[in-house]
Amino acid sequence: KSAYDDSPDDPDAMADYALLQLKVGAKPEAGRLARKTLELRPKHPVASYVRARLFLSIGEDETAEQLLLDAHDEAAPNEHVLGLLAGLRYKEDDFEEAVRLYEIGAKHFPGDHKWQTALVRGYERLGRTDQLAEAMERTVWLDADDAQTPRKLAELALDRKDYAAAIDWANRTLHVDVTDAEVHALLAARGHEPYHEKRLGA
């Protein structure tokens with residue numbers, strides 16, 4: 001707000017203030033500021049995102065998508081535009097395109113784990129087990145209390161008969177949730193014997 005008050009005709013300050021208004025629920029003011037921003041700078045990504053969100057809230061999905069497509073720059077994406085556009089593609093069951101967009105987000109915004117989390121969801125829907133495992137391995141270290149991701153990694157490792165990895169991921173799961181009966185069963189029924197045979201060089 002201070003930046004906007006100091007520079008009321010600056011499209012960037014105006015768009016950021018529009019986004020703030022959207023976040024606090026002041027939709028009419030958010031819409032007014034976003035429209036004014038786009039008059040000054042057509043295809044401004046933040047203003048386009050604000051207007052797209054407002055159109056989505058009244059069921060105007062096609063108009064919202066077109067705003068996002070016009071504002072999207074593959075070489076220098078805006079995280080708000082990219083995330084909403086990818087989410088819409090996922091909602092439309094266009095998982096290939098959603099994953100492609102999530103991959104762009106992961107490349108350009110590596111410090112934000114939401115892109116990896118989204119890729120896990122997308123790879124799972126597409127059945128890309130190798131990429132799924134890689135994405136899950138990148139996310140598992142981001143949340144020390146997550147027991148579901150290492151558990152799934154243990155299952156994937158077991159499916160490909162990588163017993164050492166299955167044991168490692170199962171043990172990590174138990175560090176978080178020692179009561180997980182299925183992981184205990186995995187270790188007892190499928191893990192220990194092959195794992196130790198491999199370690200002993202049998």
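Note that the structure is a prediction, hence the values are computed from the model and not measured.

Draft legend 1. Main features of the packing of aromatic side chains. Tallied over the full model, the rule gives four aromatic pairs. Taking 4.9 Å as the distance between ring centres and 65° as the angle between the ring planes, the aromatic pair formed by tyrosine 90 and phenylalanine 95 counts as edge-to-face. Residue classification places phenylalanine 95 among the buried residues on the basis of a relative accessible area of 12%. Here a set of aromatic residues connected by ring pairs shows up, and it is made of Tyr102, Phe109 and Trp115. In this structure, arginine 121 packs its charged tip against the face of tyrosine 90, placed 4.8 Å from the ring centre.

Draft legend 2. Molecular detail of the pattern of salt bridges. Here the structure, examined in full by the defined rule, presents nine salt bridges. Arginine 100 serves as the salt-bridge partner of glutamate 74, at 3.0 Å between the closest nitrogen and oxygen. Placement of the pair is glutamate 74 in the loop between α5 (61-71) and α6 (79-91) and arginine 100 in helix α7 (residues 95-108), with a sequence separation of 26 residues. Relative accessible area serves as the criterion here: at 37%, glutamate 74 is assigned to the partly exposed category. Among the ionic pairs, arginine 128 bridges to glutamate 96, the shortest N-O distance being 2.5 Å. You can see arginine 128 sitting in the loop between α8 (114-126) and α9 (129-140) and its partner glutamate 96 sitting in helix α7, a full 32 residues away along the chain. Note on arginine 128: relative accessible area 25%, which makes it partly exposed. The exposure class assigned to glutamate 96 is partly exposed, which follows from its relative accessible area of 45%. One salt-bridge network, in which partners are shared between bridges, spans Glu65, Arg89 and Glu92.

Draft legend 3. Looking closely at the side chain of asparagine 78. For asparagine 78, the position within the fold is in the loop between α5 and α6. At 3.0 Å, the side chain of asparagine 78 forms a polar contact with the backbone nitrogen of valine 81. Setting aside chain neighbours within four positions, we find asparagine 78 in contact with Pro45, Val46 and Phe109.

Draft legend 4. Inspection of the confidence of the model for the chain at higher detail. When pLDDT is averaged across the chain, the result is 86; 91% of the residues are at 70 or more. Element-level pLDDT for the chain is lowest in helix α12 (residues 181-200), with a mean of 58, against a maximum mean of 98 in helix α4 (residues 45-57). The model gives residues 191-202 a pLDDT under 50, and that stretch makes twelve contacts with residues more than four places away or in other chains.

Draft legend 5. Seen up close, unusual backbone geometry. One non-glycine residue, lysine 43, lies in positive phi territory at about 70°. With respect to the element layout, lysine 43 can be found in the loop between α3 (27-40) and α4. A relative accessible area of 53% places lysine 43 in the exposed class. Its identity is not glycine, yet aspartate 93 carries a phi of approximately 65°, on the positive side. Of the residues examined, aspartate 93 reaches a relative accessible area of 53% and is grouped as exposed.

Draft legend 6. Summary view of the side chain of glutamate 65. As for its position among the elements, glutamate 65 is in helix α5. A relative accessible area of 12% places glutamate 65 in the buried class. With residues near it in sequence (within four places) discarded, glutamate 65 still touches Leu88, Arg89 and Glu92.

Conventions we followed
Residues numbered from 1 in each chain as written. Predicted model: local features only at pLDDT ≥ 70, side-chain atom pairs only at ≥ 80, totals over all residues. Heavy atoms only, no water. Phe/Tyr/Trp six-rings, centres within 6.5 Å; stacked < 30°, edge-to-face > 60°. Buried < 20%, exposed > 50% of the residue type's maximum accessible area, 1.4 Å probe, protein only. Lys NZ or Arg CZ within 6 Å of the ring centre and 35° of its normal. Salt bridge = Lys/Arg side-chain N within 4 Å of Asp/Glu carboxyl O. Helix = DSSP H or I, 4+ residues; strand = E, 2+ residues; numbered from the N terminus. Polar contact = N/O pair within 3.5 Å; in protein donor to acceptor, adjacent residues only side chain to side chain. Contact = heavy atoms within 4.5 Å. pLDDT = per-residue confidence, 0-100.

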